[in-house]
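Structural overview for review
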Amino acid sequence: MYTNLNSIPLLRLVIPFIAGVFWTVDQQPNFELILFLFGVQLVVYCSLLLIKPLIANYQFRWVYGIGIAMALFLGAASLTSYRFKDNVAITKLLTDKDNQLFIGEIVTPPQNKPKSLKAILTIKSIKKRDQWIHGRGKVMVYFQQEEFAKQLAIGDVIAFKAQLKKVMPPKNPDEFDFKKYLSYHFIEHQVFINAKNWKRLNPSPSFSWLHFATNCRNQLINSLQQKGLQGKELAVASALILGYKEEIDTPLKNAYASAGAMHVLAVSGLHVGVLFLIFSTLFSFLDRIKYGGILKGIVLLLILWSYALLTGLSPSVMRAATMFSFIVVAKMTNRNVTIYNTLAASAFCLLIYNPLLLMEVGFQLSYLAVLGIVIIQPWITNWFQFKLKIPQLIWEITAVSVAAQIATFPLGLMYFHQFPNYFMFSNLIVIPLAVLILYLGLSTLSFSFVPLLSSMLALGLKYSIQALNYVVHFIDQLPYSLSENIRFGMRDTCLIYLVIGSTIAFIASRKFKYLLLGSLCISSFLVNTLWTQSSHLHQQQLIIYNTPKHTAISIIDGKDQLFIADQSLLDNRKQLEFHVQNNWNSHGLEKEEIIALNQPMDTISSHKINLYHKNCFFQFYTLRFVLIDAHYQLQQNPVQLQINYLILTKDNPFTLAELLTQFTPQQLILDASHSPFKNKMLVKEAHQLNINCWSVLNDGAFQYALN
């Protein structure tokens, strides 16, 4: 399927706009400077339009093309920079020493956490030097868990006294950058508020559509609960039908991810498409009356965006609603619009509304999946044609699944470092079941005023969700259902997308240059992979991770490692994966030996890595260090041992002065297991004794490479 780029003008407009957003996020330029350049560029471009000989000469059309591209690039940069200004405005009004008074409005539904209640607040006012000053920007707020806080809702305005703290960057190599993630949502600060330090100012919040939609969604979830859905069935129904995913527990999420079915739990194009199909069919009678098409279009637009609002306006549902809106408008005006123009137009509109949507993983995966289905799926479908409907339907579902996976797997590997091996098999069952659940769920809610009918529909819904969960768990438990811990960086992702793009271009145009480009990209990918693997074989590193309240030490030799940690961290797999797993992936580690701190060090098997150890002493090649925990005992009349590092854990029972009678370290390292108070005292004592000290809690993970 070959498409001339001249027939997709919007695609040529959205590309420089996207480039402008990426550049601004990466470089963080000055807003006033970018706005000035944007203004100058527009003046220059408008001046060129006044030169008639230049306009009349077709050979100079590229000048205007570059001018439009630069205008879109700088326009995107200006818009993105402007959105970042709000948080800068907050920073200038903050003081570091004392608590300040703030007035803010809750703009997201509060979420229950194990020890707090999380919400996002928009700052309205800040009290500074006995004056209330208008403030702008968003803050991540954690309320102390108590009953009054649980009554908070979107639109509530509160006054609180606290000290806002900047979100800190990650303190471990390759750890998820929560600071960067929040910055994409225009959040730079966070705060924990005690129950006694805040007060709600408006008992009845002012009306907002988001608040109204949240209340409606809660009522619909309660309706499903009253119809007999409980536990996992209710959690999946709430996510799949209404976009509420807070009640899905981690094991169930992991099972869906392993089966390659996570996409059905996020309201997206599949869900909006089914909704569009249902109501387009229901209102098809309007096509037979005068102006009925326009009326039908207006009704469909209202339904689409009401559903998008109801499900929380996630990037995927906004993309789908915007795309279907363009399709509806095209039908209302009797215009034949290509799917590529529709996709480009929807992306353009959404990015003008919020350019930072581009940085959302869901937004990227959503558009890539649709592009893959639109471009690749027809070719795959044409490989085989079946006369019977059921085999043909199975093949078409498989083609859709494969096309979407081809378009998204490089990005999925880069972000999540895993691949569901049975995605084709799971989607053959999961997609039809998800569509059935969506039909049954919408029907149950629509006919809730008819008790008998809605109860029967709810029963069918319950059994369908149980079947879906059973299939997902069955696939999850199959051998090799998930390939995990795959190292895949930005360079790998770009090269593989170049391979995919050049392959598509070659199939469409049959031009040899695209085949050559694809071959060069594959060769580059293989060379990069071999180079990385070779570098991993020779790596020798000591890493002490920042895992709050825990000890975590990696000794890496080639692709092998010895990992030393306290038992409570080893039992907390989620925390371990968050802080260190990505770093292990980046080092390409394949084998590991795990030792708990309460386990005698004599059990360490030293044949895997070049390590000599005795009691608490370690020699790794030329590196000598001592790990002091509860097992260490002071030696009587010792000879001071010259070492590189003296590593202290929270279980160290000795003072620093006592330990210095045993060792002469080049540097003292305090791991993250210490309490903030004990850490501060040890840092102070080290400075008094004139010892070079590295605090993992303060300075981040300690890394030392021997080569």
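Refer to the structure presented above.
Residues numbered from 1 in each chain as written. Predicted model: local features only at pLDDT ≥ 70, side-chain atom pairs only at ≥ 80, totals over all residues. Heavy atoms only, no water.

Where helix α19 (residues 490–509) meets helix α20 (residues 512–537), the axes come as close as 8 Å, and the angle between the chain directions of the two elements is 160°. Comparing the axis directions of α19 and α20 gives the class roughly antiparallel. In this structure, the crossing between α19 and α20 has a hand that is left-handed. Side by side, α19 and α20 meet where Arg491, Asp492, Leu495, Ile496, Leu498, Val499, Ser502, Ala505, Phe506 and Ser509 of the first sit next to Tyr514, Leu515, Leu517, Gly518, Cys521, Ile522, Ser524, Phe525, Asn528 and Thr529 of the second. (Axes fitted to C-alpha atoms, helices over the stretch in contact; angles between N-to-C directions. Helix = DSSP H or I, 4+ residues; strand = E, 2+ residues; numbered from the N terminus. Parallel < 35°, antiparallel > 145°, perpendicular 65-115°, else oblique. Left-handed = near helix turned anticlockwise from the far one by under 90°. Contact = heavy atoms within 4.5 Å.)

Right, let's get into the side chain of His550. Looking at the secondary structure, you find His550 in the loop between β12 (540–544) and β13 (552–557). Judged by its relative accessible area of 11%, His550 is buried. Ignoring any residue separated from it by four or fewer positions in sequence, one finds His550 in contact with Asp566, Ser568, Leu569, Gln575, Ala672 and Ser673. (Buried < 20%, exposed > 50% of the residue type's maximum accessible area, 1.4 Å probe, protein only.)

For helix α10 (residues 269–282), spanning 14 residues, the distance from its first C-alpha to its last is 20 Å, which sits close to the expected 20 Å at 1.5 Å a residue. Within α10, burial applies to Gly269, His271, Val272, Gly273, Val274, Leu275, Phe276, Ile278 and Ser280. Summarising the contacts, the buried residues of α10 are in contact with α8 (231–242), α11 (292–310), α12 (315–332) and α17 (423–446). (Expected span 1.5 Å × (residues − 1).)

This part is about the environment of Ile51. With respect to the helices, strands and loops of the structure, Ile51 is situated in the loop between α2 (31–49) and α3 (52–56). Ile51 sits 86 residues away from Gly137 along the chain, and the two C-alpha atoms are 44 Å apart.

Turning our eyes to something else, we now look at the sheet that holds strand β14 (residues 560–565). Strand order in the open sheet formed by five strands is β15-β14-β13-β12-β22, and the pairing between neighbours is mixed. Looking at the sheet topology across the chains shown, the edges are occupied by β15 (591–596) and β22 (702–705). Sheet twist, expressed as the mean angle between neighbouring strand axes with direction ignored, is 10°. As paired elements, β14 and β15 share six bridges and run parallel to each other. Each residue of the ladder has a partner; that of Leu562, found in β15, is Glu593. Relative to β14, helix α22 (residues 573–586) is tilted by about 160°, and along the sheet it contacts β12, β13, β14 and β15. (Pairing = 2+ DSSP bridges.)

Another aspect to go through is the environment of Tyr422. Position of Tyr422 relative to the elements: it lies in the loop between β10 (419–420) and α17. The partly exposed category is assigned to Tyr422, whose relative accessible area is 26%. Along the sequence, Tyr422 and Ala259 sit 163 residues apart, while their C-alpha atoms lie 6.4 Å from each other. Once residues lying within four places of it in the same chain are set aside, the contact partners of Tyr422 are Ala259, Ile475, Leu478, Pro479, Tyr480 and Ser481.

Pairing is mixed in the open sheet, where six strands are placed in the order β16-β17-β18-β19-β20-β21. Edge positions in the open sheet fall to β16 (611–614) and β21 (693–695), since each of these has one partner strand only. Taken over all neighbouring pairs, the strand axes of this sheet differ in orientation by 25° on average, direction set aside. As defined by bridge partners, strand β20 (residues 663–670) adjoins β21 across three bridges and the pair is classed as parallel. Within the sheet, the bridge partner assigned to Leu670 lies in β21 and is Ser695.

This part covers the nonpolar core. Nonpolar side chains in soluble globular proteins tend to end up buried together. Ranked by internal contacts, the top residues of the largest apolar core, which has 87 residues, are Ile241, Tyr256, Leu461, Leu468 and Val472. The biggest single contributor to this core is α17, with nine residues. In this structure, Ile555, Ile609, Tyr645 and Val696 belong to the second largest nonpolar core, which totals 22 residues. (Core = buried A, V, L, I, M, F, W, Y, C linked by side-chain atoms within 4.5 Å.)

Read these as geometric descriptors, not functional statements.
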